[in-house]
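# Reading the structure
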Amino acid sequence: MKRKGIILAGGSGTRLYPITMAVSKQLLPIYDKPMIYYPLSVLMLAGIREIAIITTPQDQAQFQRLLGDGSQYGLDLTWIVQDSPDGLAQAYLLAEEFLDGAPSAMILGDNIFFGHALPELLNAANSHTEGGTVFAYRVADPERYGVVDFDGDKVRHIVEKPKNPPSRYAVTGLYFLDGDAPKRARHIQPSERGELEITTLLETYLADGLLNVQSLGRGFAWFDTGTHASLLDAGNFVRTLTERQGMQAGSPDEIAWLQGWIDSSILAERAEIFKKTQYADYLRLLLEDKMMQPKNG
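Here goes a summary of the coordinates provided. (Residues numbered from 1 in each chain as written. Predicted model: local features only at pLDDT ≥ 70, side-chain atom pairs only at ≥ 80, totals over all residues. Heavy atoms only, no water.)

The subject of this paragraph is the overall build of the protein chain. When you go through the protein chain residue by residue, the secondary structure sums to eleven helices and 13 strands. Taken over C-alpha atoms, the radius of gyration comes to 19 Å for the protein chain, in line with the 19 Å a tight globule of 297 residues would show. Once the C-alpha set of the protein chain is aligned to its principal axes, its extents read approximately 50 × 40 × 40 Å. Considering the protein chain as a whole, with its 297 residues, one finds that 52% of them fall into the buried category. In the protein chain, of all internal contacts separated by at least 6 residues, the share reaching a separation of at least 24 is 74%. (Helix = DSSP H or I, 4+ residues; strand = E, 2+ residues; numbered from the N terminus. Rg over C-alpha atoms; globule rule 2.2 N^0.38 Å. Buried < 20%, exposed > 50% of the residue type's maximum accessible area, 1.4 Å probe, protein only. Contact = heavy atoms within 4.5 Å.)

Shown next as structure tokens:
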């Protein structure tokens, strides 16, 4: 079965108050594009075209106004409501009918990944249909995350927000799991916080010898934009890339075109929608650049 995607874009965003009191965190700008463009682009780079987006009831209409049914990108989007944020692993219960036994790649709506070798890394994870693959990234503040406890090169545990972190490697918000994820999620117990923790779910895979932890090295950037500072850092990072290289990060329009999911006429129409913006100019330049060869020719 083909792997399906999940973007978890719910939650209340309280750490970003007051700016998220009126708008979803995942709709905030990361430089020149809404935040959700970036996790959406990651799933697209992995070749995933069937994607469920989980939102709060009050925010869903705004997301739908932005992304529609996904056909403009050659995607098939499904919309799922999360009435209350009861932990990341809850996403697999909410999306169980959508997944229908298929393996999945879930990404958190506030996570941004960048790296030249990212598509190869994603495709490698996508090729493993049994068990799960997660990605670890070295951070300065591991106590904010689920942290990998290593025993040499072997992963011993994944610890949620430890006071004394066993390493500086945080588990990022991107999870490639097999079709058993919903069934496993149904059998885990809520934590002391009353949530279905993603680390608890991952531990079940680890206990069965079915979890691959892939470290992201120095050539990758990962941002968890859950704080005001990290939100600003991510925006500045994207701006630097855009201004310095004249290239976009997190452009679903570009990825859809290069993947051959939309043709050049659709990309030209998309450029017209964005009018006289830098993003529109970039899409027009893609069409003029003879070195860019989309898969559909």
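Here the narrative resumes, following the displayed structure.
In this section: the packing of aromatic side chains. Under the counting rule described, the total for this entry stands at eight aromatic pairs. Taking the centre distance of 5.2 Å and the plane angle of 50 degrees together, the rings of F223 and F237 count as tilted. Here F223 is found in strand β13 (residues 220-224), whereas its partner F237 is found in helix α8 (residues 228-245), with 14 residues between them in sequence. Classification of F223 by relative accessible area gives buried; the value is 15%. Given the relative accessible area of 24%, F237 is considered partly exposed. Measuring from centroid to centroid gives 5.0 Å for F274 and Y279, while their planes differ by 80 degrees, and the two rings are edge-to-face. Take Y279: its relative accessible area is 5%, and that puts it in the buried class. Each member of the aromatic cluster is reached from another via a ring pair, and the members are F113, Y137, Y145 and W222. Stacked on the ring of F98, the Lys or Arg K4 has its end atom at 5.1 Å from the ring centre. Here R184 stacks its cationic end above the ring of Y205, 4.1 Å away from the centre of that ring. (Phe/Tyr/Trp six-rings, centres within 6.5 Å; stacked < 30°, edge-to-face > 60°. Lys NZ or Arg CZ within 6 Å of the ring centre and 35° of its normal.)

Next up on the list: the environment of A89. Its place among the elements puts A89 in the loop between β5 (76-81) and α3 (90-94). A89 sits in the buried class, given a relative accessible area of 0%. The spacing of A89 and T200 is 111 residues in sequence and 8.4 Å in space, taken between C-alpha atoms. Ignoring sequence-local partners within four residues, the contact set of A89 consists of A185, I188, L196, E197, I198 and L201.

For the coordinates displayed, the defined rule picks out 16 salt bridges. A salt bridge links D149 to R156; its shortest N-O distance comes to 3.1 Å. The residue D208 makes a salt bridge to R184 at a minimum N-O spacing of 3.0 Å. Of this pair, D208 sits in the loop between α7 (198-207) and β12 (211-216) while R184 sits in helix α6 (residues 181-186), placing them 24 residues apart in sequence. With relative accessibility at 48%, the residue D208 sits in the partly exposed group. R184 sits in the buried class, given a relative accessible area of 15%. Among the charged side chains, a network of salt bridges with common partners joins E160, K161, R193, E195 and E197. (Salt bridge = Lys/Arg side-chain N within 4 Å of Asp/Glu carboxyl O.)

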